[in-house]
Amino acid sequence: MHVVMHALVELQKIEFGPDPESSFSKAEAEKLRAQVPQQVLGHYDRLRSRGKKGLALVRENNVCAECHMGIPIGTVITIMKGEDIQLCGSCGRYLYVEDKPPVTAAPATTRVESPAKSKRGRKPKKKPEEGAA
Ligand SMILES: [Zn+2]
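It should be emphasised that the depicted structure is a prediction, and the values quoted were computed from it without experimental measurement. (Residues numbered from 1 in each chain as written. Predicted model: local features only at pLDDT ≥ 70, side-chain atom pairs only at ≥ 80, totals over all residues. Heavy atoms only, no water.)

*Asks:* Help me understand the coordination of the zinc ion, please; the structure alone is not making it clear to me.
*Replies:* Ideal geometry at a metal gives 109.5 degrees between four tetrahedral donors and either 90 or 180 degrees between six octahedral ones. For the zinc ion, every protein donor is listed as Cys64 (SG), Cys67 (SG), Cys88 (SG) and Cys91 (SG), and the spread of their distances is 2.2 to 2.3 Å. Here the zinc ion binds four donor atoms, and the angle range of 104 to 117° at the metal identifies the geometry as tetrahedral. The motif formed by the donor residues of the zinc ion, counted along the single chain, is C-x2-C-x20-C-x2-C. Judged by relative accessible area, which is 0%, cysteine 64 ranks as buried. (Donors = N, O, S within 2.8 Å, 3.2 Å for Na, K, Ca; no water. Tetrahedral: all angles 85-135°; square planar, octahedral: opposite > 155°, others 65-115°. Buried < 20%, exposed > 50% of the residue type's maximum accessible area, 1.4 Å probe, protein only.)

Structure below.
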């Protein structure tokens, strides 16, 4: 995830969390805000002042979780790669994807087809040397 988006996600968790007014939350929010460019923060705060979340999750079928509009695949890829931050073209929220480990569902069938099996190279059996007596 892009470093700015990561900071925004954490910031939103705090500011839309259960206790945004605590001194701990405010200190954390301050640290995160320092990582976000002023212009981006300004947009985030404008949405927040209207009681809206400034961020929207990209769902699996590439739709914005907040406005349910489709997001161009190129935009999704940019977000996934963490190359840049992107806005939803419909609701104007910053888009983010959940950080997931890339391999979660391994196929149940573990059929290992090794090419070495077909070529059965016969190795001469070595007898342990017995005539050492
Ligand atoms: Zn949207």
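*Asks:* Would you mind going over helix α1 (residues 3-15) with me for this structure?
*Replies:* Helical periodicity: at 3.6 residues per turn, an α-helix aligns residues three or four positions apart in one direction. Taking 1.5 Å of rise per residue, the 13 residues of α1 would be expected to cover 18 Å, and the 18 Å separating its terminal C-alpha atoms lies within 8% of that figure. If you check which residues of α1 are buried, you get Val4, Met5, Ala7, Leu8, Val9, Leu11, Gln12, Ile14 and Glu15. (Helix = DSSP H or I, 4+ residues; strand = E, 2+ residues; numbered from the N terminus. Expected span 1.5 Å × (residues − 1).)

*Asks:* Would you mind showing me how to read the side chain of threonine 78 here?
*Replies:* Within the fold, threonine 78 resides in helix α4 (residues 73-81). Of the polar contacts made by the side chain of threonine 78, one reaches the backbone oxygen of glycine 74; its length is 2.8 Å. What threonine 78 contacts, discounting residues up to four positions off in sequence, is Glu83, Asp84 and Gln86. (Polar contact = N/O pair within 3.5 Å; in protein donor to acceptor, adjacent residues only side chain to side chain. Contact = heavy atoms within 4.5 Å.)

*Asks:* How should I be thinking about the packing of α1 against helix α2 (residues 23-33) in this particular structure?
*Replies:* Working note: a packed helix pair is described by the angle between its axes plus the distance between those axes. Two numbers describe how α1 lies on α2: the axes approach to 9 Å, and their chain directions differ by 160°. When the axes of α1 and α2 are compared, the pair comes out roughly antiparallel. Relative to α2, the crossing made by α1 is left-handed. Across the interface between the two elements, Ala7, Glu10, Leu11, Ile14 and Glu15 from α1 touch Ser25, Glu28, Ala29, Leu32 and Arg33 from α2. Its residues placed into classes, the contact of α1 with α2 shows five nonpolar, one polar and four charged. (Axes fitted to C-alpha atoms, helices over the stretch in contact; angles between N-to-C directions. Parallel < 35°, antiparallel > 145°, perpendicular 65-115°, else oblique. Left-handed = near helix turned anticlockwise from the far one by under 90°. Nonpolar A, V, L, I, M, F, W, Y, C, P; charged D, E, K, R; others polar.)

*Asks:* Could you clarify how one ought to interpret the environment of glycine 54 in this entry?
*Replies:* Within the fold, glycine 54 resides in the loop between α3 (38-49) and β1 (55-57). Classification of glycine 54 by relative accessible area gives buried; the value is 0%. Counting along the chain gives 13 residues from glycine 54 to leucine 41, while the straight-line C-alpha distance between them is 9.3 Å. With sequence-adjacent residues up to four places away left out, glycine 54 is seen in contact with Gln12, Tyr44, Leu47, Arg93 and Tyr94.

*Asks:* Please clarify how the packing of α1 against α3 should be interpreted in this entry.
*Replies:* Close contact between α1 and α3 brings their axes to 12 Å; oriented N to C, the two are set at 25°. On the basis of the axis angle, α1 is roughly parallel to α3. Between α1 and α3 lies a crossing of right-handed hand. Residues Val4, Leu8, Leu11, Gln12 and Glu15 of α1 touch α3, and the partners they reach there are Val40, Leu41, Tyr44 and Arg48. In the contact of α1 with α3, the residues fall into six nonpolar, one polar and two charged.

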